[in-house]
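As a plain string of letters, each chain reads:
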Amino acid sequence: MEQGVGVSAGIGFGPVLKYLRADLSSRLQCAGTPGQEAQKLADAIEELKRENVRLAKKAARQAGEQESGIFEAHNAILEDEEEVLAPIQEQIAAGKSAAQAASDRFRELEEAMGGVKDECIGARAADFRDLGERLVRQILGVDAPSLERLEEDVVLVARDLSPSDTVMLDLVHIKGLVCEEGGPASHTAILAKAMGIPAVVGCKGILARAEQGRQLWLDGDSGEVFLQPTEEEKAALQKRAEKQRRRRETLEVYRKKQTTLTRDGDCVRLSANIAGPQECALAVENGCEGIGLFRSEFLYMNRPDLPGEEEQFRAYVRTLELARGRPVTIRTLDIGGDKAVPAMGLPAEANPFLGYRAIRVCLDREELFRTQLRALYRASAKGRLRIMFPMISRLEELRQAKQIARQTAEELARRGVEIDARVQLGMMMEVPSAAVLADEFAREADFFSIGTNDLTQYTLAVDRGNPLVGPLYSHCQPAVVRLIAGIIRAAARRGIPCCMCGEAAGDSRFIPLLLGLGLKEFSVSSPRIPEIRRLFSRLDGQGCAELARRALKASTEQEIQTLLNAAADAALP
Ligand code: PEP
Ligand code: MG
């Protein structure tokens, strides 16, 4: 048995599919004669062009004409005699292999475009990267691993998945996910949870030990991974799966409820975090009372270009429609850190979590920000929308973001576009500098949402995705708890709503403390909603307030854990 960290509940089993991005560099050099290599290049280009025509048709069917244009543009690049074909052919004539020559030329083209602060040019750099990679694979006859459409059930085993890989996962056939890296607050873990895929992360050495095609079982609660379970172990796992199924059944009644009440009748709001409109329907099905966090950056991933105003507008309106009158908080673009948007051609950074991220990018690339804001304001006429800015660390940033938002709204109104001019403009509370100045921010923001994933990593100086420091990462640290308390108090003093959308909001043991600190809105991954709603029905305000009073006096994590354990024993007989 292998041990990792369970991050998305459920028992999963199936044959192993190892997801490896093949390193093709060692295979680039072996060359035939220049004539043979030139022929390989010509064949690969023809095949790729045929594939692009197929993909363009499919994209037009599934996503509209605009999306199919990407593949037409790729074919135009493959036919570019001067910039693409001639330079590769020259290098082949000079003795390079077709794969090496193509790889070198596409890298040159990508580098020429990369780093330029212009969205269109950045998108072109991503086109060259994507196309260059596909051409080299075609020449070498290597299939690209695809996670989007699988033929049979599998358990995916990988070093780590990028957030963009994770949103592409085939939800029908991927029965589980085991990663060597990542922690509970990594985006891979968060997304797996939202998608209801049992997942274990931080399972060291699993790639070497798991055998392609052999059965693997995992328990996304306990973090256990079984490579060759004995019959007894299998029976025990099946029993656990059965128990979980029965538990889901007993929770059915809480899924159907539309409100969340504590034992003493206090009302809290239980909302859901989503990464796109497609998750909103599931969230409503799971009984959410609103969308507390729509991570809009996922609209920008897995594509060679950037979404335009129209496309974003449609995604936001779709979400509001699916939310059927429930409030929806959409967070503006939060890229950087571990969330890459290839189309933006952002430079590599030594400390990406401390670098060119989120609101910093948006205030620097104002047109990109205004495009998103126009789409948001236009959508605001169609439902109950709130706009939220990520990674605010200074008051000036909030003021500037609000000013750009207001100007955008005014421009639209002048043009006679229907908008809701009173859309609330709030902010993520996820940087310690903002938490310390929570009172000042509460005077200028319409609402707060506490992002404990980043707040924890920045307060404790512990990378949220690095398993080496995983044990040091905890929202139960007194410093984090006191910052959370300060944020909730500041919001209450100024009378603005305060939600929590970080993973701590869905931590059953932590919830009584949050309730005791006065938190009234919790936004969690939607499959957790029924269970959390039941938990609230067992909590009473006074007991939780007493727990909070004690926790705020604690000076070590251990003291807080002891208090939480005692409260959990009392609430969960
Ligand atoms: C957070 O930091 O807690 C948060 C909700 O944002 P993200 O996980 O997308 O960084
Ligand atoms: Mg964050």
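Residues numbered from 1 in each chain as written. Chains lettered and ligands numbered in written order. Predicted model: local features only at pLDDT ≥ 70, side-chain atom pairs only at ≥ 80, totals over all residues. Heavy atoms only, no water.

## Quick notes on the overall build of the protein chain
Part 1 of the reasoning: Across its full length, the protein chain holds 22 helices and 17 strands.
Part 2 of the reasoning: The globule rule puts the C-alpha radius of gyration for 573 residues at 25 Å, and the 25 Å found for the protein chain is close to it.
Part 3 of the reasoning: Along the longest, intermediate and shortest principal axes, the C-alpha atoms of the protein chain span 80 × 70 × 40 Å.
Part 4 of the reasoning: Buried residues in the protein chain amount to 55% of all 573 residues.
Part 5 of the reasoning: Restricting to contacts in the protein chain with at least 6 residues of sequence separation, those with at least 24 account for 69%.
Part 6 of the reasoning: Of the roughly 25000 Å² of accessible surface on the protein chain, 50% is carried by carbon and sulfur atoms. (Helix = DSSP H or I, 4+ residues; strand = E, 2+ residues; numbered from the N terminus. Rg over C-alpha atoms; globule rule 2.2 N^0.38 Å. Buried < 20%, exposed > 50% of the residue type's maximum accessible area, 1.4 Å probe, protein only. Contact = heavy atoms within 4.5 Å. Areas by Shrake-Rupley, 256 points an atom, 1.4 Å probe, with all protein chains shown as cover.)

## Regarding the site of ligand 1
Part 1 of the reasoning: Around ligand 1 lies a shell of 15 residues, among which Arg 295, Arg 331, Gly 451, Asn 453 and Arg 464 are the nearest.
Part 2 of the reasoning: Gly 451 places a main-chain nitrogen or oxygen 3.3 Å from an oxygen atom of ligand 1.
Part 3 of the reasoning: In the complex, 100% of the free accessible area of ligand 1, which totals 290 Å², lies under the protein chains.
Part 4 of the reasoning: Where the shell around ligand 1 is concerned, the elements lending two or more residues are β11 (291-295) and α17 (452-460).
Part 5 of the reasoning: Broken down by element, the residue count for the shell around ligand 1 peaks at three residues, all from α17.
Part 6 of the reasoning: Here the shell around ligand 1 is built from residues that sort into three nonpolar, five polar and seven charged. (Near = heavy atom within 4 Å. Polar contact = N/O pair within 3.5 Å; in protein donor to acceptor, adjacent residues only side chain to side chain. Nonpolar A, V, L, I, M, F, W, Y, C, P; charged D, E, K, R; others polar.)

## Some remarks on the packing of helix α9 (residues 231-256) against helix α20 (residues 529-537)
Part 1 of the reasoning: Close contact between α9 and α20 brings their axes to 8 Å; oriented N to C, the two are set at 70 degrees. What the angle tells us is that α9 and α20 run roughly perpendicular. Every residue of α20 that contacts α9 at Arg 247, Thr 250, Leu 251, Tyr 254 and Arg 255 is listed here: Pro 530, Glu 531, Arg 533, Arg 534 and Ser 537.
Part 2 of the reasoning: Of the residues belonging to the contact of α9 with α20, the class tally is three nonpolar, two polar and five charged. (Axes fitted to C-alpha atoms, helices over the stretch in contact; angles between N-to-C directions. Parallel < 35°, antiparallel > 145°, perpendicular 65-115°, else oblique.)

## Focus on the coordination of the magnesium ion (ligand 2)
Part 1 of the reasoning: Every protein donor of the magnesium ion (ligand 2) is accounted for by Glu 430 (OE) and Asp 454 (OD), and the metal-donor separations fall at 2.0 to 2.1 Å. You can see Glu 430 sitting in the loop between β14 (424-429) and α15 (432-436) and its partner Asp 454 sitting in helix α17, a full 24 residues away along the chain. The exposure classification of Glu 430 matches that of Asp 454, with both residues buried. (Donors = N, O, S within 2.8 Å, 3.2 Å for Na, K, Ca; no water.)

## Brief notes about the side chain of Lys 49
Part 1 of the reasoning: Considering the arrangement of structural elements, one finds Lys 49 in helix α1 (residues 34-63).
Part 2 of the reasoning: Separated by 3.3 Å, the side chains of Lys 49 and Glu 79 make a polar contact.
Part 3 of the reasoning: Beyond its immediate chain neighbours, meaning those up to four positions away, Lys 49 contacts Asn 75, Leu 78 and Glu 79.

## Some details on α17
Part 1 of the reasoning: Burial runs high along α17: seven of the nine residues are buried.
Part 2 of the reasoning: Within the sequence span of α17, burial applies to Thr 452, Asn 453, Asp 454, Leu 455, Thr 456, Gln 457 and Tyr 458.
Part 3 of the reasoning: Just beyond α17, the residue with positive phi is Ala 461, at close to 55 degrees.

## Some thoughts on helix α10 (residues 277-285)
Part 1 of the reasoning: Along α10, the residues that are buried comprise Pro 277, Glu 279, Cys 280, Ala 283 and Val 284. Each buried residue of α10 lies within a common arc of 145 degrees when the element is viewed along its axis, so the set occupies one face. α10 presents Gln 278 and Glu 285 as exposed residues on the side facing more than 90 degrees away from its buried surface.
Part 2 of the reasoning: Lining the buried residues of α10 we find α7 (187-195), β10 (267-274), β11 and α11 (309-323).
Part 3 of the reasoning: In the segment just after α10, Gly 287 is the residue with positive phi, at about 95 degrees. (Arc of directions from axis to C-beta.)

## Topic: the sheet that holds strand β1 (residues 2-3)
Part 1 of the reasoning: Spatially, eight strands are ordered β1-β8-β7-β3-β4-β5-β6-β2 in an open sheet, and the strand pairing comes out mixed. At either end of the open sheet lies a strand with only one pairing partner, and these are β1 and β2 (5-8).
Part 2 of the reasoning: Where β1 and strand β8 (residues 224-226) come together, two bridges link them in antiparallel fashion. Of the residues in β8, the one forming a bridge with Glu 2 is Val 225.
Part 3 of the reasoning: Docked against the sheet, α7 engages β2, β5 (174-179) and β6 (199-201), running at close to 50 degrees with respect to β2.
Part 4 of the reasoning: Along the sheet, α9 contacts β3 (11-19), β7 (215-219) and β8; its crossing angle with β7, the most-contacted strand, is approximately 45 degrees. (Pairing = 2+ DSSP bridges.)

## Observations concerning the nonpolar core
Part 1 of the reasoning: Formed by 124 residues in total, the largest nonpolar core has its most connected members in Phe 389, Phe 448 and Ile 484.
Part 2 of the reasoning: Top contributing element to this core by residue count: helix α18 (residues 478-494), with nine residues.
Part 3 of the reasoning: Apart from the residues within four sequence positions on either side, Phe 389 is in contact with Thr 332, Ile 359, Phe 369, Leu 398, Ala 401, Lys 402, Ala 405, Leu 425, Gly 426, Met 427 and Met 428.
Part 4 of the reasoning: In terms of nonpolar packing, the next biggest core, distinct from the first, is built from 24 residues, Leu 28, Leu 48, Val 84 and Val 142 among them. (Core = buried A, V, L, I, M, F, W, Y, C linked by side-chain atoms within 4.5 Å.)

## Remarks on the packing of aromatic side chains
Part 1 of the reasoning: Taken as a whole and assessed by the stated rule, the structure comprises four aromatic pairs.
Part 2 of the reasoning: Both rings, one in Phe 13 and one in Trp 217, keep their centres 4.2 Å apart while their planes meet at 15 degrees; by these two values the pair is stacked. Taken together, the residues Phe 13 in strand β3 and Trp 217 in strand β7 connect sequence positions 204 residues apart.
Part 3 of the reasoning: We classify Trp 217 as buried; its relative accessible area is 3%.
Part 4 of the reasoning: Summarising the aromatic geometry, the rings of Phe 369 and Phe 389 are spaced 6.0 Å apart at their centres and angled 65 degrees between planes, so their arrangement reads as edge-to-face. Taken as a pair, Phe 369 in helix α13 (residues 366-380) and Phe 389 in strand β13 (residues 385-389) lie far apart in primary sequence, 20 residues in all. (Phe/Tyr/Trp six-rings, centres within 6.5 Å; stacked < 30°, edge-to-face > 60°.)

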